There are 2 protein chains.
Amino acid sequence: MSTGLRLFDLAGGDDDLRFSPNCWRTRLALAHKGVPVDTIAWRFTEKDAIARSGQGKVPVLVVGDKWLHESWAIAEYLEDNYPDRPSLFGCLQGRAVARFVNQWSSEVLHPAIARVIVPEIPAALHEKDREYFRRTREAAFGRSFEALAAERDEALAALSRTLAPLRSTLATQLFVAGAAPAYADHAVFGAFQWARVISSVALTPAADPISAWVERMLDAYDGLPRSAKRMTTV
Amino acid sequence: MSTGLRLFDLAGGDDDLRFSPNCWRTRLALAHKGVPVDTIAWRFTEKDAIARSGQGKVPVLVVGDKWLHESWAIAEYLEDNYPDRPSLFGCLQGRAVARFVNQWSSEVLHPAIARVIVPEIPAALHEKDREYFRRTREAAFGRSFEALAAERDEALAALSRTLAPLRSTLATQLFVAGAAPAYADHAVFGAFQWARVISSVALTPAADPISAWVERMLDAYDGLPRSAKRMTTV
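Residues numbered from 1 in each chain as written. Chains lettered and ligands numbered in written order. Predicted model: local features only at pLDDT ≥ 70, side-chain atom pairs only at ≥ 80, totals over all residues.

Caption draft 1: A look at the sheet that holds strand β4 (residues 66–69) of chain B. All names here are of chain B. The 4 strands are arranged β2-β1-β3-β4 in an open sheet whose pairing can be described as mixed. The sheet is open, and its two edges are formed by β2 (38–42) and β4, each paired on a single side. Across the sheet, the mean angle separating the axes of adjacent strands is 25° when strand polarity is ignored. Taken together, the 3 bridges between strand β1 (residues 6–10) and strand β3 (residues 60–63) define a ladder with antiparallel strand orientation. (Pairing = 2+ DSSP bridges. Helix = DSSP H or I, 4+ residues; strand = E, 2+ residues; numbered from the N terminus. Axes fitted to C-alpha atoms, helices over the stretch in contact; angles between N-to-C directions.)

This is the structure:
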């Protein structure tokens, strides 16, 4: 049965390959709230399909006649409109502070992970998205995917330095949000799931506290993240 | 009247010059809880005075026969032992997520600000601390204070990039913790107060949302941070 909620979710050449870090935030937030959703495979170049959201990126969540976009705004919407379900933030202070984690993930972690995995993404994409993706991303990085691929070891070392505050936090607590996962985890884990779906590279060594947290997150929400199709299994 | 609480607080050559970012976290947390404290001017080389804490760094907070150290551990102690006073974290989830902010401040922001201001610190120190400070910090940076001073413009540009997630967070909310300051703000602001006490350099341009937040923090807690003595006023 449809609940009416629909999520436009970035997909690869395979409809089931869902790799957007920002869409994963929303998937996990919906799972946290226990709100069922129908996901719709969407490609970068299908701007018309989400035009009613007033912009061109996913996640776009359709609730009745509302077309919500931007992962943080969607999380706040879910928190405010499903107040009797498990909280994404715990309290107002928790919400505000999670915003910083969200911004750190978007502005610092996503670029650091992109630098490692972005050359692998075109192989996963629908044919019609490949030219768009390469052109926009090579412009953003200021160099070709081939040049980026040659720098992967350096990119992994830089990522490890970037992860320092996450590592020390997870050395003393199970989740970013404490004893159980919540939106601060979704905001960060989305990027790890992105890498996991697209690439076979290990972002962190096995002994890193972050690796143990990734495993815990993969098992969360009845294993929803672990069940995601990956490039290596396509 | 003494309340019995005593804080060993890093001081410069002038007893009233209090510049440690980690001690400022504790000062602000105590002010937030409305708990009076006697601060004791302490210098880097006075390890014996705080030996009962089992280590050699400040803040050290003495409560009865307890010698507490490390700013985060002190914040948790205050939250747990003054539960009827204004909360530092809002809720357990807020506490856990604030831990990430604390780690980001300590591991990312402090080094980025140090790179800008550290060459100015020796002038502020007690004579007996200067050799210790220069030796340990030049070893940490792997270059002389003179070399660091020559890189200040580059260090300021790097700091501006480091501040991106704080900037975008404060573009949409008044404080890191939301509508009012709390420990997530103390953990970050301590570093700005460190720079303000030691240096006359502007870390952020006036139009930066971070600058407006710094002004709000200076006025918080009855203006305690703004009333601090600065090198420029010594």
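Caption draft 2: Molecular detail of the interface of chain B and chain A. Contacts between the two partners involve 27 residues from chain B, matched on the other side by 27 residues from chain A. Contributing elements (two or more residues each) for the side of chain B that touches chain A: α3 (92–117) and α8 (164–170) of chain B. In terms of residue count, α3(B) provides more of the side of chain B that touches chain A than any other element does, 13 residues in total. For the side of chain B that touches chain A, the class distribution of residues is 17 nonpolar, 8 polar and 2 charged. (Contact = placed C-beta atoms within 7 Å. Nonpolar A, V, L, I, M, F, W, Y, C, P; charged D, E, K, R; others polar.)

Caption draft 3: Spatial organisation of unusual backbone geometry. A cis amide bond links A:Val58 with the next residue in sequence, A:Pro59, at an omega value of 10°. In this fold, A:Pro59 is placed in the loop between β2 (38–42) and β3 (60–63). Here the phi dihedral of A:Tyr221 falls at roughly 55°; this positive angle occurs in a residue that is not glycine. Along the polypeptide, A:Tyr221 turns up in helix α10 (residues 209–223). You can call A:Tyr221 partly exposed: it has 18 C-beta atoms within 10 Å. At B:Asp222, a residue that is not glycine, the phi angle is positive and equals roughly 55°. (Buried ≥ 20, exposed ≤ 12 C-beta atoms within 10 Å, placed from the backbone.)

Caption draft 4: Summary view of the relation of the copies chain B and chain A. With an RMSD of 0.0 Å, the operation that places chain B on chain A is a rotation of 180° combined with a shift of 0.0 Å along the axis. Viewed as a symmetry operation, the transformation between the two copies matches a two-fold axis. Residue B:Gly94 of chain B places its C-alpha closer to the rotation axis than any other residue of that unit, at 1.9 Å. (Least-squares fit on C-alpha atoms with pLDDT ≥ 70 in both.)

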